[in-house]
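Secondary and tertiary structure notes
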Amino acid sequence: MQFSGEELTFRRVFSYIFGLYLITLGVAFSIKSGLGSAPVSSIPYAMNLIWNIEIGVATFLFHSLLVAIELILLKRDFKRKHFLQVFVGVLFGAFTSFSVSLMYFIPPAYNLLLAVLMCAISILLIALGLFFYVPANIIPLSVEGVTQAIAIVSNRPFSTIKVYFDICVVSTALILSWVFLGEFGSVGLGTIIEALLIGTTVRYIHKLNLHLTGKHVDLKKM
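Residues numbered from 1 in each chain as written. Predicted model: local features only at pLDDT ≥ 70, side-chain atom pairs only at ≥ 80, totals over all residues. Heavy atoms only, no water.

Examining the packing of aromatic side chains
Selection rule: Classification of ring pairs rests on two measures: the distance between centres of Phe, Tyr or Trp rings, Trp counted by its six-membered ring, which must be within 6.5 Å, and the angle between planes, read as stacked under 30 degrees, edge-to-face over 60 and tilted in between. Runs of E in the DSSP output that reach at least two residues are strands. Runs of H or I that reach at least four are helices, and both are numbered from the N terminus. Note on classification: 1.4 Å probe, protein chains only; a residue is buried when its accessible area is under 20% of the maximum for its type, exposed when over 50%, partly exposed between these limits.
This model, assessed by the stated rule, comprises nine aromatic pairs. Each ring, one from Phe 14 and one from Phe 18, has its centre 5.5 Å from the other, and the planes form 5°; the classification is stacked. Placement of both Phe 14 and Phe 18 in helix 1 (residues 10–33) is noted, with a separation of four residues, approximately one turn of the helix. What makes Phe 14 partly exposed here is its relative accessible area of 46%. Overall, Phe 18 belongs to the partly exposed group, its relative accessible area being 32%. Ring centres of Tyr 16 and Tyr 133 lie 5.7 Å apart, and the angle between their planes is 65°; on these two criteria the pair is classed as edge-to-face. With a gap of 117 residues between them, Tyr 16 in helix 1 and Tyr 133 in helix 5 (residues 112–133) connect regions that are remote in the sequence.

Comments concerning the confidence of the model for the protein chain
What counts is decided by this rule: In predicted models, pLDDT denotes the confidence assigned by the predictor to each residue on a 0 to 100 scale.
Looking at the protein chain, the pLDDT average stands at 86 and 97% of residues meet or exceed 70. For the protein chain, per-element mean pLDDT is lowest for strand 1 (residues 2–3), which scores 60, and highest for helix 5, which scores 92.

Considerations on the state of the cysteines
Each disulfide consists of a covalent bond between the sulfur atoms of two cysteine residues. Condition: Disulfides are defined as pairs of cysteine sulfur atoms found within 2.5 Å of each other.
Inspection of every chain in the model, using the stated rule, returns zero disulfides. Considering cysteine sulfurs only, Cys 168 is the nearest to Cys 119, which forms no disulfide, with 19 Å between them. Accessibility expressed as a relative area gives 48% for Cys 168, which makes it partly exposed.

Remarks on the pattern of salt bridges
Our working rule: The salt bridge criterion pairs a side-chain nitrogen of Lys or Arg with a carboxyl oxygen of Asp or Glu, the two atoms within 4 Å.
On inspection of all chains with the given rule, the structure shows two salt bridges. Across the pair Lys 162 and Glu 144 runs a salt bridge, and its minimum N-O distance is 3.1 Å. One end of the pair, Lys 162, is in helix 7 (residues 158–181); the other, Glu 144, is in helix 6 (residues 142–154), and 18 residues separate them in sequence. Asp 166 is the partner of Lys 162 in a salt bridge, and the nearest nitrogen-oxygen pair spans 3.3 Å. Taken together, the residues Lys 162 and Asp 166, both in helix 7 and four residues apart, mark about one turn of the helix. By relative accessible area, Asp 166 is classed as buried at 1%.

So this is what it looks like as structure tokens:
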């Protein structure tokens, strides 16, 4: 069976689902750290705090908006399969809700060192998740879809655009939280650190993989 011009193998599907789940685990660790949510969930988490929208539903709404932005950016290059990103947002939202619920079994960070450790685990999990699922080239999350679209239009590396995009997302979440809550809300020190380091971590994972396997992974393939 072919999908996106490539054979839809078990390994490809597994990499896709496994990568998505790693990202939601990273999101859950970031929330549990108490240092703020991960960039990918900062706006949905802000929506949860402001309007009490369940985190999975808020994630779905946010991803739907990003698909519309991606359509504007890519224009004729926007493929029909990219509309399916809305439904992938449902899967991601469900994974996120499940991963957050799992964190109830982990004690909260009782000191700064443990909080920073959880933040570091979050960064690594999200970066690894991106490295696994994006190159599978099935249906990207709208967050990565928009990042890929900007990278293609601007002719810049995915990892570089990832840093810029995460900073924009975090800034938006910060503004929403400040306007509606009068506080930072979903944005904390960890959110800012992750916005700066996730894309960079992806870059180093890519370099390590290239060194070990000699294979280049295309993170802009749509």
